[in-house]
Amino acid sequence: CSQICTRLNCVALHTTSSSARLGTAMAPSANLAAVAAGSFVAGVAVFALREKLLKLFEKAPVETEEPSKQGRVPIFVMMPLDTITNDGKSVNDLATRGAWLKGLANNGARGIMVDVWWGLVETAPGVYNFEGYIELCKLCKELGLKLQAVMSFHQCGGNVGDNVSFPIPSWALEPARAQGFLYKDREGKISEDCLSLSADKQQIF
């Protein structure tokens, strides 16, 4: 508001000075009087507009910390790879992540997306540990956020910028490696990022 008013003041001064210069160039006193009168009218109009803007800004609603309304397009924010601790039992740095989620909820996000890492939740065949993810679900529920769980059967880590590593469970990786159920390129380089689709119908575990 102050910047607008300052600019309006500058416009008024510029109008007055420009009209005065024009009047000086025209020389006759009659023309000077006409220009001066016109400059005065222009200045009054500018300052009248300034007063209207001041009143408008005085009536403008003050920003609050109330949650923003969710838009028509649902926004889901991807959580960091290390959202869950290495033992899978809790949310990593719960206080910080809780503050993040509260900020998302207050700014109109619909929810979050999080990877559920195979190597983190099933360290032994048929033995599951979802404690950390359940804690995250409870936190989202308290804040009114939805959660999209992505079942990630590939390893976590190994890419540029990754600071965590959750490999494929060893009980699955070792037999897959022994029986050739991992992807291999033409040069014979084997990728342990995920199991090959050729293992879908094989009884190897």
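The structure we're discussing is the one just above.
Thresholds applied
Residues numbered from 1 in each chain as written. Predicted model: local features only at pLDDT ≥ 70, side-chain atom pairs only at ≥ 80, totals over all residues. Heavy atoms only, no water. Helix = DSSP H or I, 4+ residues; strand = E, 2+ residues; numbered from the N terminus. Buried < 20%, exposed > 50% of the residue type's maximum accessible area, 1.4 Å probe, protein only. Contact = heavy atoms within 4.5 Å. Expected span 1.5 Å × (residues − 1). Arc of directions from axis to C-beta. Salt bridge = Lys/Arg side-chain N within 4 Å of Asp/Glu carboxyl O. Pairing = 2+ DSSP bridges. Axes fitted to C-alpha atoms, helices over the stretch in contact; angles between N-to-C directions.

Novice: Mind showing me how you'd approach the overall build of the protein here?
Specialist: Within the protein, the regular secondary structure consists of six helices and five strands. Overall, the protein shows an N-to-C arrangement of helices and strands of α-α-β-α-β-α-α-β-α-β-β. A burial count over the protein gives 28% of its 205 residues as buried. Looking at the protein alone, contacts between residues at least 24 apart form 65% of all its contacts between residues at least 6 apart.

Novice: When you look at helix α3 (residues 94-106) in this model, what are you seeing that I'm missing?
Specialist: One turn of an α-helix holds 3.6 residues; hence residues three or four places apart share an orientation. Between its terminal C-alpha atoms α3 stretches 18 Å, which fits the 18 Å expected from 13 residues at 1.5 Å a residue. For α3, the complete set of buried residues consists of R97, G98, L101 and A105. Along the axis of α3, the buried residues cluster in a sector spanning 105 degrees; they form a single face. Residues of α3 that are buried sit in contact with β2 (111-117) and α5 (131-143). Directly beyond the C-terminal end of α3, a positive phi value near 90 degrees is found at G108.

Novice: Before we go on, may I ask you to explain the pattern of salt bridges in this structure?
Specialist: A side chain with one charge may pair with a side chain of the opposite charge, provided their charged atoms come close. Following the criterion strictly, the structure yields two salt bridges and no others. Between D82 and R97 there is a salt bridge, with the nearest N and O atoms lying 3.4 Å from each other. Of this pair, D82 sits in the loop between β1 (76-78) and α3 while R97 sits in helix α3, and the two are 15 residues apart along the sequence. One exposure class covers both D82 and R97, and it is buried. A salt bridge links E192 to R177; the shortest N-O distance between them is 2.9 Å.

Novice: Help me out: how do you make sense of the sheet that holds β2 in this one?
Specialist: Within a sheet, adjacent strands bond to each other through the backbone by hydrogen bonds, running parallel or antiparallel. The parallel open sheet is built from three strands, whose spatial order is β1-β2-β3. The strands lining the two open edges of the sheet, one partner per strand, are β1 and β3 (146-152). Direction aside, neighbouring strands of the sheet carry axes that sit 30 degrees apart on average. Where β1 lies against β2, three bridges are found, and the strand directions are parallel. Paired with V77 across the two strands is I112, which belongs to β2.

Novice: When you look at helix α6 (residues 170-179) in this model, what are you seeing that I'm missing?
Specialist: Within α6, the full set of buried residues consists of A172, L173, P175 and A176. Close packing links the buried residues of α6 with α4 (118-121), β4 (182-184) and β5 (190-195). Phi turns positive, to about 75 degrees, at G180, one or two residues after α6.

Note that every value here comes from positions in space, so none of it alone points to a role or purpose.
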